Amino acid sequence: MSTQPKHFAPLARLLHWLMALMVMAMLFIGAGMVASVSERHEWLIHLHKPLGVAILLLVIVRLAVRFSTQQPPLPADLPGWQVLAAKASHVLLYALMLVLPLLGWAMISASGEPVMLSGSLQLPSIVPPNAQVFAFLRKAHGYLAYLLFLTVLLHLAAALFHGWVRRDGVLQSMLMGKDRS
């Protein structure tokens with residue numbers, strides 16, 4: 001009897017799909033923010049900040065779940081470069097989900113504005129006000145958001161490849177937790 005699970009733990013699947021929705025929403029909200037100078041801009045900012053903090057908190061929980069549960073192994077016949085690509089892309093996804101909210105928080109701090117999550121909930125500043133630091137962090141936040149979007153698209157493409165082309169159970173192990181054939 002194998003000790004390797006055939007599917008991801010229910011909590012891991014829940015966090016994966018919840019965060020997938022949140023990250024996609026965040027990417028589109030961010031794109032809308034930078035493309036708008038209307039009153040919609042302020043509304044989008046008020047969505048973007050607390051969603052970023054929620055993603056930061058959930059990725060920490062997700063990492064704890066990932067390190068405390070076993071994941072199903074990749075198919076044994078998967079080429080080495082695909083195994084490496086899968087592992088590297090997951091590391092990159094987790095890193096970006098951690099770094100982007102922290103960069104956003106630091107960017108707002110560097111702007112000199114209070115880091116407000118709601119009308120009464122304020123986070124402490126994590127860097128002192130500085131226009132040059134703000135400009136650097138704003139660019140870094142934007143470029144890394146594009147990298148996250150690209151990485152998410154590649155992750156989705158790989159999942160669909162496993163589900164529709166290889167039909168090896170990798171996609172199903174995250175979708176419904178069904179055993180691989």
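All of these numbers come straight from a predicted model, not from anything done at the bench.

## Quick look at the environment of Ala-85
At step 1: By secondary structure assignment, the location of Ala-85 is in helix H3 (residues 80-111).
At step 2: Note on Ala-85: relative accessible area 37%, which makes it partly exposed.
At step 3: The spacing of Ala-85 and His-155 is 70 residues in sequence and 9.9 Å in space, taken between C-alpha atoms.

## A few points about the side chain of Arg-62
At step 1: Summarising the element assignment, Arg-62 is placed in helix H2 (residues 39-68).
At step 2: Although buried, Arg-62 forms no salt bridge, and the nearest oppositely charged side chain, Asp-168, lies 17 Å from it.
At step 3: If near-sequence neighbours (up to four positions away) are discounted, Arg-62 is found in contact with Leu-15, His-16, Met-19, Tyr-94 and Met-97.

## A word on the environment of Ala-88
At step 1: Take Ala-88: it is sitting in helix H3.
At step 2: Ala-88 sits in the partly exposed class, given a relative accessible area of 42%.

## Remarks on the nonpolar core
At step 1: Within the largest apolar cluster, 26 residues are counted, with the highest numbers of intra-cluster contacts made by Met-19, Val-23, Leu-51, Ile-55, Met-97 and Leu-148.
At step 2: Elements with a contribution of two residues or more to this core: helix H1 (10-34), H2, H3 and helix H4 (131-166).
At step 3: Beyond its immediate sequence surroundings of up to four residues, Val-23 is in contact with Ile-55, Met-97, Leu-148 and Val-152.

## Things to note about the side chain of His-16
At step 1: Turning to its location among the elements, His-16 is positioned in helix H1.
At step 2: For His-16, a relative accessible area of 11% translates into the label buried.
At step 3: Apart from residues no more than four positions distant in its own chain, His-16 is found in contact with Arg-62, His-155 and Met-174.

## As for the pattern of salt bridges
At step 1: Within this structure, the stated rule accounts for 2 salt bridges.
At step 2: Ionic pairing is found between Asp-77 and Arg-166, a salt bridge with its closest N-O pair at 2.6 Å. In this pair, Asp-77 is assigned in the loop between H2 and H3 and Arg-166 in helix H4, connecting sequence segments 89 residues apart.
At step 3: Judged by its relative accessible area of 56%, Asp-77 falls in the exposed class.
At step 4: Here Asp-168 and Arg-166 are joined by a salt bridge, their closest N and O atoms 2.7 Å apart.
At step 5: For Arg-166, a relative accessible area of 25% translates into the label partly exposed.
At step 6: Shared partners join several salt bridges into a network, and the residues in it are Asp-77, Arg-166 and Asp-168.

## Considerations on H2
At step 1: Between its first and last C-alpha atoms H2 spans 44 Å; for 30 residues at 1.5 Å apiece the expected length is 44 Å, and the two agree.
At step 2: Within the span of H2, buried status applies to Leu-44, Ile-45, His-48, Leu-51, Gly-52, Ile-55, Leu-56, Leu-58, Val-59, Arg-62, Leu-63 and Val-65.
At step 3: On its buried face, H2 sits against H1, H3 and H4.

Basis of the calculations
- Residues numbered from 1 in each chain as written.
- Predicted model: local features only at pLDDT ≥ 70, side-chain atom pairs only at ≥ 80, totals over all residues.
- Heavy atoms only, no water.
- Helix = DSSP H or I, 4+ residues; strand = E, 2+ residues; numbered from the N terminus.
- Buried < 20%, exposed > 50% of the residue type's maximum accessible area, 1.4 Å probe, protein only.
- Lys, Arg positive; Asp, Glu negative; His and termini not counted.
- Salt bridge = Lys/Arg side-chain N within 4 Å of Asp/Glu carboxyl O.
- Contact = heavy atoms within 4.5 Å.
- Core = buried A, V, L, I, M, F, W, Y, C linked by side-chain atoms within 4.5 Å.
- Expected span 1.5 Å × (residues − 1).

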